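# An overview of the molecular structure
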Amino acid sequence: MERRFPGGKVLRLVIGDITRVPADAIVNAANSALRGGGGVDGAIHRAGGPSIMQELDEIRARQGGCPTGSAVVTGAGNLPARYVFHAVGPIWRRGTHNEPALLASCYRTCLALAEERGLSTISFPSISTGAYGYPVREAASIAIQEVCRHLERPETRLREVTFVLFDQATWEAYAEALRQRAPVE
Ligand code: ADP
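Let me sum up the structure you'll find in this document. Note that the coordinates shown come from a computational prediction; the quantities given were computed from them, not determined experimentally.

## Structural notes on the environment of C106
Residue placement: C106 occurs in helix α3 (residues 99–116). For C106, a relative accessible area of 0% translates into the label buried. Those residues within four positions of C106 in sequence are excluded, and the remaining contacts are G69, A87, V88, G89 and I127.

## Some thoughts on unusual backbone geometry
Even without being a glycine, L34 presents a positive backbone phi close to 60 degrees. For L34, the location among the structural elements is in the loop between β3 (25–30) and α1 (39–48). A relative accessible area of 2% places L34 in the buried class. One non-glycine residue, N98, adopts positive backbone phi at about 65 degrees.

## Let's talk about the site of the ligand
The environment of the ligand is formed by 15 residues, the closest being D17, V40, S128, G130 and A131. Backbone polar atom of G130 to an oxygen atom of the ligand: 2.8 Å apart, as the coordinates give it. Note that an oxygen atom of the ligand is positioned 2.8 Å from one of the backbone N or O atoms of A131. Contact with the protein chains hides 90% of the accessible area of the ligand, taken as 560 Å² for the molecule alone. Tallied by class, the residues present in the shell around the ligand amount to eight nonpolar, six polar and one charged.

## Here's the deal with the sheet that holds strand β5 (residues 83–88)
Strand pairs in the sheet, formed through backbone hydrogen bonds, run parallel or antiparallel to each other. Ordered by their spatial adjacency, seven strands build an open sheet running β1-β2-β7-β6-β3-β5-β4, and the pairing between neighbours is mixed. Edge positions in the sheet fall to β1 (2–5) and β4 (71–75), since each has one partner strand and no second. Neighbour to neighbour, the strand axes of the sheet diverge by 20 degrees on average, direction disregarded. Summarising the sheet, β1 and strand β2 (residues 9–15) pair through four bridges and their orientation is antiparallel. Note that in β2 the partner of R3 across the bridge is L11. Contacts from α3 reach β3, β4, β5, β6 (121–124) and β7 (160–165), with the element oriented near 155 degrees to β5.

Basis of the calculations
- Residues numbered from 1 in each chain as written.
- Predicted model: local features only at pLDDT ≥ 70, side-chain atom pairs only at ≥ 80, totals over all residues.
- Heavy atoms only, no water.
- Helix = DSSP H or I, 4+ residues; strand = E, 2+ residues; numbered from the N terminus.
- Buried < 20%, exposed > 50% of the residue type's maximum accessible area, 1.4 Å probe, protein only.
- Contact = heavy atoms within 4.5 Å.
- Near = heavy atom within 4 Å.
- Polar contact = N/O pair within 3.5 Å; in protein donor to acceptor, adjacent residues only side chain to side chain.
- Areas by Shrake-Rupley, 256 points an atom, 1.4 Å probe, with all protein chains shown as cover.
- Nonpolar A, V, L, I, M, F, W, Y, C, P; charged D, E, K, R; others polar.
- Pairing = 2+ DSSP bridges.
- Axes fitted to C-alpha atoms, helices over the stretch in contact; angles between N-to-C directions.

What follows is the structure in structure tokens.
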């Protein structure tokens, strides 16, 4: 499924493994300790090789971890990308701890990091909806809203944003969120 935006920009929803989809930047669903984990984080470190964790070690030595809602940047090792943006999504705690704003902030931070670097393409996983337990429909609607808003801006340099979703049910939730969001004229 895809949505085209004025200026030829495009948002795509695919099912797959994010470590196999080429993009200028691949987003990781990291944790605030930046020490690697399971899910997409584990897959990125396995496929990308040890250089990514070495860079994270240096970042940790400088600044400690990464706050929830923010992201840090490393190279991409053996991945088909130039950068990995390690975004820290919120852990779902019944929606009472500012989770929607923190999740939106992950997407916004990554989009801003891509713009600062003049990147053309970025791919996102479904941040927070695995081990962190964020309900996927709500997370999808936030993710789609932030990316659509970004692509609707005329000054956006990103050309292509892809959500690489790991299973059919997650893809369906993102597809529904995209259908709910009317195209801009
Ligand atoms: P979080 O801790 O932020 O919830 P997870 O990695 O546990 O992060 O899950 C986030 C989403 O990423 C889930 O939908 C999970 O199925 C998915 N996922 C796991 N591995 C991959 C992968 N290789 N590529 C894309 N998505 C993945």
